[in-house]
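# An overview of the molecular structure
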Amino acid sequence: MAEPYYVTTAISYPNGKPHIGHAYEAIAADVIARHRKAEGFDVRFQTGTDEHGLKMAQKARDLGITPAQLATEMSQHFIDMCAALNIEYDVFIRTTEARHHEATQELWRRMEANGDLYLDRYEGWYSVRDEAYYDESELVAGEGGAKLSPQGTPVEWTVEESWFFRLSKYQDKLLELYNSSDFIRPDTRRNEIQRFVEGGLRDLSVSRTSFDWGIKVPGSDNHVMYVWVDALTNYLTGLGFPDESGDYAKFWPADLHLIGKDIVRFHTVYWPAFLMSAGLPLPKQVYGHGFLLNRGQKESKSLGNVTDPIGLAETFGVDAVRYFLLREVAFGQDGSWSPEAIVTRANAELANSFGNLAQRSLSMIFKNLDGEIKVGFEESEADKALFAAVAEGIAGLRKSFTDLAFSDGLEAWMRAVFACNQYVDEQAPWTLRKTDPARMEVVLMTLFRVVRDLAIAVRPVVPNSIDKLLDQMGIATEARGYASLADADWFTALAARGFKVEKPEGVFPRLELPEGTEATA
RNA sequence: GGGCCCGUAGCUCAGUGGUUAGAGCUGGCCGCUCAUAACGGCUAGGUCGCGGGUUCAAAUCCUGCCGGGCCUACCA
């Protein structure tokens, strides 16, 4: 039976449309899921939207609709984005679903039963405009000595009844977790969190009475839960929790929570503490990826440089965007994108190097061999060397992808592609056609085989295009996982079936920079 | 202010004490013509942010500074 693998993205707060950061995370998670499927795992991939909280309630009020209506409308944008980017999730969770309320309330009860929740008063300097409490030390002095928030907004001393979670109790256990595993990745994030926890943890206010768009606290109907208690629990809800059989039994604990670097603390301090309190197993790893910058600048509404990811996929093609993001950006670090960078990368590697390799190979088979697949000949040293180089590149890709080092993996894959183009040049099958047709057959069949292997290897990244290519090569849909790379008989079976290559069509077209794109550095 | 990081060729990045600092892209030259004006070969290009220090030896360790990012208790 296949080993389970459970990966999640963060759930998105849908108070605006999806931006490129959401797309980046979804694509990375999708590639992880597809890679693990190709490796033979039984994969579960979950994403969704986090729909509660004051901001949603306020925005709905401003628009004159209910928060539930707003949530449904906005959530749809994220579902649409996933469709446009070819994100093959198993579950799209919405925190407004009844099952999520049940799951979250059950988690709460377990934390309460463990003695970790208590009712107290939250008091502090509150800024109505910022909707945030500030510590005395953060305040700045305004005109006439008036106290102001760091943003310069008025604050007033406010007292609110609140439930608290005994986070302080878990400090040592959390530090032990960080030190005894690779729970937090990459290392820079772990360093940051470790220092934060070493600095001491305060108990956490985990309920609010100032608004009601949220999950009700069991037994305290005037309280709704702090949004992070609500949001984090989504990872359990999607597996059927509190029913601990079925998917939950199979997939929990999660193998990987993929999140942005800005919310690492919630996932690596609060979340494991909640789970420890509730007596549930902890996820195996939290990975905080970097941010995508637009020409080196963060996208924001005030700068007016916010990019619609669906439009990006329409302009350049979904696979070019997927490939670019994983190839160009060192995963874990911040990265930068621009239309020129996407076009340059996609053309150089997908169109020119690999796409053209596939096209020239299939085209020569079609023209010179009438599309026939030939078997039964001796491999030369050059052929063997090429198979070895391709196997090495593919092994490198698989290893790096398992370690989430996508750009390294694609670089290894590209080295194999280069080796193939060198091979074509050295063997010059267009010359062999006249001088040694038998040898030409061997060369073309060697190319057919390595192109198939390279295509299967990169399929998790660019699935649509690769499927079009493998369709042209007669490779069955169910024979496109990595297990098929080890199948010694596929090629003879294909020939025995009488498969013939038709006139090939390129699957990675060259891109052009759209009109009006600024060519500024 | 405090914490965690980043700064290496025009661009994206490797390289954490030891020969003349590497790869790909871009640029230049040559070759090839099967192929998506694609491919192959050669080549150019760097005071490793700046200044001190430790060491026989520093991109790498220490320190100060400059520039950038994230977190600082509800934004991917």
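- Naming follows an unreviewed UniProt entry, where chain A appears as Methionine--tRNA ligase of Novosphingobium clariflavum.
- What the UniProt record of chain A gives under Sequence similarities (unreviewed entry) is the line "Belongs to the class-I aminoacyl-tRNA synthetase family. MetG type 2B subfamily."

## Structural notes on the environment of Val 31
- Here Val 31 is to be found in helix H1 (residues 20–38).
- Note on Val 31: relative accessible area 0%, which makes it buried.
- Considered as a pair, Val 31 and Leu 432 are 401 residues apart in the sequence and their alpha carbons are 40 Å apart.
- The residues touching Val 31, leaving out its near neighbours within four places in the chain, are Arg 322, Leu 326, Phe 401, Phe 406, Pro 460 and Val 461.

## Here we look at the sheet that holds strand E12 (residues 216–217)
- Read across the sheet, three strands follow the order E11-E13-E12 without closing on themselves; strand pairing throughout is antiparallel. Pairing within the sheet leaves two strands with one partner each, and these edge strands are strand E11 (207–208) and E12.
- Where E11 meets strand E13 (residues 220–225), two bridges bridge the pair, whose relative direction is antiparallel. Bridge pairing links Arg 208 to Val 224 in E13.

## Thoughts on the sheet that holds strand E9 (residues 184–185)
- Spatial strand order, E3-E2-E1-E14-E15-E9: six strands in an open sheet with parallel pairing. The open sheet has two edge strands with one neighbour each: strand E3 (91–94) and E9.
- Summarising the sheet, strand E2 (residues 42–49) and E3 pair through four bridges and their orientation is parallel. Considered in E3, the bridge of Thr 47 is made with Phe 92.
- Contacts between H1 and the sheet are confined to strand E1 (4–9), E2, strand E14 (256–260) and strand E15 (286–289), with E1 contributing the most and set at about 175° to the helix.

The rules behind these values
- Residues numbered from 1 in each chain as written.
- Chains lettered and ligands numbered in written order.
- Predicted model: local features only at pLDDT ≥ 70, side-chain atom pairs only at ≥ 80, totals over all residues.
- Heavy atoms only, no water.
- UniProt positions renumbered as here; feature names shortened; annotations may be inferred.
- Helix = DSSP H or I, 4+ residues; strand = E, 2+ residues; numbered from the N terminus.
- Buried < 20%, exposed > 50% of the residue type's maximum accessible area, 1.4 Å probe, protein only.
- Contact = heavy atoms within 4.5 Å.
- Pairing = 2+ DSSP bridges.
- Axes fitted to C-alpha atoms, helices over the stretch in contact; angles between N-to-C directions.

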